[in-house]
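# Survey of secondary and tertiary structure
Next come the chains, spelled out residue by residue.
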Amino acid sequence: MIYLQILANGLALGGLYACIAVGFSLVWGVLNVINLLHGSMIVLGSYIALFAYTTFGIHPFLTVPIAGGIVFALTYALQRGIINRVIAAPVLMTLTLTFGLDLIFNNAMLTAFKADYRKLILENPLGSWSFSGVTLPVDRIAAMALAMLLTLMLFRLLKDSRIGRAIVAVRMDRDAAALMGVDVMKINAITFGIGGFMAGAAGCLLSIIFPISPLNSTVYLGKSFVVCVLGGLGSVPGAIVGGLALGIIESFGAFFLGPEHAVTLAFSLLIVFLIVRPTGLLGKKGYE
Amino acid sequence: MTIQKVILAALGAAALSFATMGSAAAADGVIKVGAPLPLTGPLSPEGLKQKQGYDIWAETVNAKGGIKAGGDTYKVEIVYVDYASNTPKAVQSADRLISQDKVNFLFSPFGSGAAKAAGGVSEKYGIPTIAATASSEAVYNQGYKYLFGTFTPNRTLTEPLADIVLGKKPGLKRVAILSRNDLFPTALAKEMAKSAEKRGLDIVMSEKYAIGTMDHSSTVTQLKASNPEWVFATGYINDLILIRKQMKDLGVGAEVVTMIAGPAYQEFIDASGPLAENITSSAWWHPAVRYKGDDVFGTTENFNKLFEAKYGAAADYVQASAAAAGVILQLAIEAAGTVEPAKVRDAIAALDTTTFYGPIKFGDTGQITSLEPPTFQIQGSKPMVVYPDGIKQADINFGVK
């Protein structure tokens, strides 16, 4: 029975990992930009949820579109104004640029919000479900379900909308897309903005689960990396599969090897994947 | 008046003003104390607390005219270096402060690990150094002559806890220990295991979790399966907030849940809300202690008052210990009557006094031996002292759900 509980823990955690990573994966896959701002954007989403709840009493789940929208606007502007200038440069250039932007942004949050760990405590905690010996915290399940819903919407957006097709076209061949009349610069900014939206939304959902502090951004960023490499870049289902895989691996790893080795296991796996299957579980060749 | 007399008078006046200038310069002497701190990065909440403690000491001393040593008076200046939570950089910063900034004294970087690493630097230069946040004995057993610490060894936290828990619940048997894989948290967990074994308790689970762990659900699931009566978890504030939340999520309770370090901070209580209720903890100092001393703060009440006025919040043990480091340095300089490092070092070693922080006396290794750390429990969202009896505010409650 304890294995079932460990599996349930892993799935719930994996859902959160998928939610953390999907925006990061999209930006990396489409723009070939490793967006080191991603973790800080998630944290910003958490703070928006925290302040919306403590000041206006808005439930964090309802803040998702607001926080997503704010972070969308911010990341869209950053991409249009700054990152687009070096978007064609080698990946190291954009990596350095987003690293610098993240330093500025994260320290601005440290100054504005302080480094203290805070927590969004719901007036009526959601509690846990228990059946046949397996206990599931409702907040995790609800956050995971909402994250999956958002991810599904993103998936449909990429599949069915004109903008979505344009994003996919840019991912496949930037030059050909431009020749077909796609405004690549605009699509870049929209993609970056959507990545930001997903980060802000994830931050909202995580605000009721994890302590909130600007210091968490590196942890979120680290998880995003692993999930992307496991699942495959730029693919929405890849982020979900990678997230769930990482959640389950860490969960069983902590159980069998002890919690001090769970993270070691995840990163060892990352290295193995980079050697053996650099495209990830669901990644396609030629996109990277 | 002849021309010679005028010149003589002028010379005399000049000489006089020169002499006064000279004594003014002595009166305006400055003692520089170097303080490498993690002001950014993961340890910054702790680093900033330490800075608050040093600042309030320096400010209070300077407002009262400075430190008197022999016939001279010195203002205090604290030279901060941010080492961004990166221990190797803490050691470089300590070296730079001594060799380039020419500080007279040093306050150690945060925590046992960094204080131990930087201890070698101050030893090399013979600069008296006070560690405000290092408790592990491994920091002080290196034979260093210039390193002093304001925290008693870790067992002084676990021993009273075990005494009072078992005093009230003699039948309690099953203890689970969970610790962050870091110098202080694991050292503390080892002391807890010793305290438990000494009293014939069964350790039903003992695990370490990695630094930066984002999820404890597997560990908490194992904790549930081990069915403990006493859960003892060590780590820093974010770890402990998360562990407590996940215990609730997965329905794990116990008679006693002890968490160190974190519950001593108001942030832990704010961030855990109702889940903080009945959590027990220990710290080296608590605002409820009451001491009268000869130091610049005089009494614990006065320190609390000044601190609240400056920062708008109650002081916790990190801030108090940092201020105490300053107080100790000041008392030693005044006793030595000089700022000469070797003499100040001997004066620190010879201190035997009481301050707002508590009685001050150092053992042979340089670690303080005179403190009696209070044990407390969160009751009604407030930390209430349950031990020692002299300052007790409440009786210990059992049952954490």
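In this text, all values refer to a predicted model and were calculated from it rather than measured experimentally. (Residues numbered from 1 in each chain as written. Chains lettered and ligands numbered in written order. Predicted model: local features only at pLDDT ≥ 70, side-chain atom pairs only at ≥ 80, totals over all residues. Heavy atoms only, no water.)

With that settled, consider the state of the cysteines. Residue and element names in this part refer to chain A. According to the stated counting rule, one finds zero disulfides over all chains in the structure shown. Cys-19 takes part in no disulfide bond, and the closest cysteine sulfur to it belongs to Cys-204, at a distance of 10.0 Å. The exposure class assigned to Cys-19 is buried, which follows from its relative accessible area of 6%. Cys-228 takes part in no disulfide bond, and the closest cysteine sulfur, belonging to Cys-19, lies 13 Å away. The class of Cys-228 is buried, set by a relative accessible area of 2%. (Disulfide = S-S within 2.5 Å. Buried < 20%, exposed > 50% of the residue type's maximum accessible area, 1.4 Å probe, protein only.)

Residue and element names in this part refer to chain B. Domain boundaries in chain B define domain 1 (26-152 + 288-361) and domain 2 (155-283 + 375-391). With centres defined by C-alpha atoms, the gap from domain 1 to domain 2 works out at 29 Å. Buried area between domain 1 and domain 2, both sides added, is near 1200 Å², and the carbon and sulfur share of it is 62%. Among the residues domain 1 hides against domain 2, the three largest losses belong to Glu-46, Lys-49 and Tyr-317. Together they make up 33% of the total. Remark: the boundary between domain 1 and domain 2 carries two salt bridges. (Domains from an automatic or database assignment. Buried area = accessible area lost by both parts, 1.4 Å probe. Salt bridge = Lys/Arg side-chain N within 4 Å of Asp/Glu carboxyl O.)

In terms of nonpolar packing, the biggest core is built from 114 residues, with B:Trp57, B:Phe107, B:Trp230, B:Phe303, B:Tyr317 and B:Tyr357 touching the most fellow members. Here the element with the most residues in this core is helix α11 (residues 317-336) of chain B; it accounts for 13 residues. Here B:Trp57 is in contact with B:Ile67, B:Val76, B:Ile78, B:Phe107, B:Val296, B:Phe297, B:Ala323, B:Gly326, B:Val327, B:Leu329 and B:Gln330, once residues within four sequence places are set aside. Judged by nonpolar contacts, the second largest core, of 75 residues, contains A:Ala21, A:Ile48, A:Phe61 and A:Leu154. (Core = buried A, V, L, I, M, F, W, Y, C linked by side-chain atoms within 4.5 Å. Helix = DSSP H or I, 4+ residues; strand = E, 2+ residues; numbered from the N terminus. Contact = heavy atoms within 4.5 Å.)

Hydrogen bonds between backbone atoms are what pair the strands of a sheet, whose relative direction is either parallel or antiparallel. Residues and elements named next belong to chain B. Read across the sheet, seven strands follow the order β8-β7-β9-β10-β11-β14-β15 without closing on themselves; strand pairing throughout is mixed. The outermost strands of the open sheet, each flanked by one partner alone, are β8 (202-209) and β15 (382-387). Taking the axes of each pair of neighbouring strands and ignoring which way they run, one obtains an average angle of 25° across the sheet. In this sheet, β15 lies alongside strand β14 (residues 375-379) in antiparallel orientation, the contact comprising five bridges. Directly across from Gln-379, in β15, lies its bridge partner Lys-382. Across the sheet, helix α6 (residues 183-198) touches β7 (174-180), β8, β9 (230-234) and β10 (256-260), and the angle it forms with β7 is around 165°. Each of β7, β8, β9, β10 and β11 (279-282) is contacted by helix α8 (residues 237-249), which is oriented at about 160° to β10, the strand it contacts most. (Pairing = 2+ DSSP bridges. Axes fitted to C-alpha atoms, helices over the stretch in contact; angles between N-to-C directions.)

Turning our attention to the packing of helix α9 (residues 217-231) of chain A against helix α11 (residues 262-276) of chain A. Think of two packed helices as two axes; the pair is described by the angle between the axes and how far apart they sit. Residue and element names in this part refer to chain A. In the contact formed by α9 and α11, the axes pass within 9 Å of each other and the chain directions differ by 40°. Between α9 and α11, the angle falls in the class oblique. For the pair α9 and α11, the sense of crossing is left-handed. On the side of α9, the interface is formed by Phe-225, Val-226, Val-229 and Leu-230, while α11 contributes Ala-266, Phe-267, Leu-269, Leu-270, Phe-273 and Leu-274. Of the residues belonging to the contact of α9 with α11, the class tally is 10 nonpolar, no polar and no charged. (Parallel < 35°, antiparallel > 145°, perpendicular 65-115°, else oblique. Left-handed = near helix turned anticlockwise from the far one by under 90°. Nonpolar A, V, L, I, M, F, W, Y, C, P; charged D, E, K, R; others polar.)

A surface patch of nonpolar side chains, about 510 Å² in accessible area, is lined by A:Ile271, A:Val272, A:Leu274, A:Ile275 and A:Val276. Position of A:Ile271 among the secondary structure elements: in helix α11. (Patch = residues over 30% accessible without salt bridge, like charges linked within 9 Å, V, L, I, M, F, W, Y side chains within 5 Å. Areas by Shrake-Rupley, 256 points an atom, 1.4 Å probe, with all protein chains shown as cover.)

Another aspect to go through is the environment of B:Thr40. Assignment of secondary structure puts B:Thr40 in the loop between β1 (29-37) and α2 (44-63). C-alpha separation for the pair B:Thr40 and B:Asn86, spaced 46 residues apart in sequence, amounts to 9.6 Å. Apart from the residues lying within four places of it in its own chain, the contact partners of B:Thr40 are A:Asn107, B:Asp82, B:Ala84 and B:Ser85. A distance of 2.8 Å separates a polar atom in the side chain of B:Thr40 from a polar atom in the side chain of B:Asp82. (Polar contact = N/O pair within 3.5 Å; in protein donor to acceptor, adjacent residues only side chain to side chain.)

The next subject is the pattern of salt bridges. Residue and element names in this part refer to chain B. By the definition in use, this model includes 25 salt bridges over all chains. Of the charged contacts, one joins Lys-51 and Asp-55 as a salt bridge, the two residues approaching to 3.1 Å between their closest N and O atoms. With Lys-51 and Asp-55 both in helix α2 and four residues apart, the pair spans about one turn of that helix. Classification of Lys-51 as partly exposed rests on a relative accessible area of 24%. Notably, a salt bridge pairs Asp-95 with Lys-124, separated by 3.3 Å at the nearest N-O pair.

Our focus in this paragraph is the side chain of A:Asp139. Position of A:Asp139 relative to the elements: it lies in helix α5 (residues 138-160). The residues contacting A:Asp139, other than those within four sequence positions of it, are A:Phe61, A:Leu126, A:Gly127, A:Ile208, A:Ile209, B:Lys245 and B:Asp249.

This next bit is on unusual backbone geometry. All names here are of chain B. With an omega dihedral of -5°, the bond running from Ile-260 to Ala-261 counts as a cis peptide bond. When you line up the elements, Ala-261 lands in the loop between β10 and α9 (266-272). For the peptide bond that leads from Tyr-387 to Pro-388, omega is 0°, which places it in the cis range. Looking at the element boundaries, Pro-388 is found in the segment after β15. Of note, the phi angle at Ser-85 is positive, near 60°, even though the residue is not glycine. Position of Ser-85 relative to the elements: it lies in the loop between β3 (72-82) and α3 (87-99). The phi angle at Lys-102 is positive, at roughly 55°, despite the residue not being glycine.

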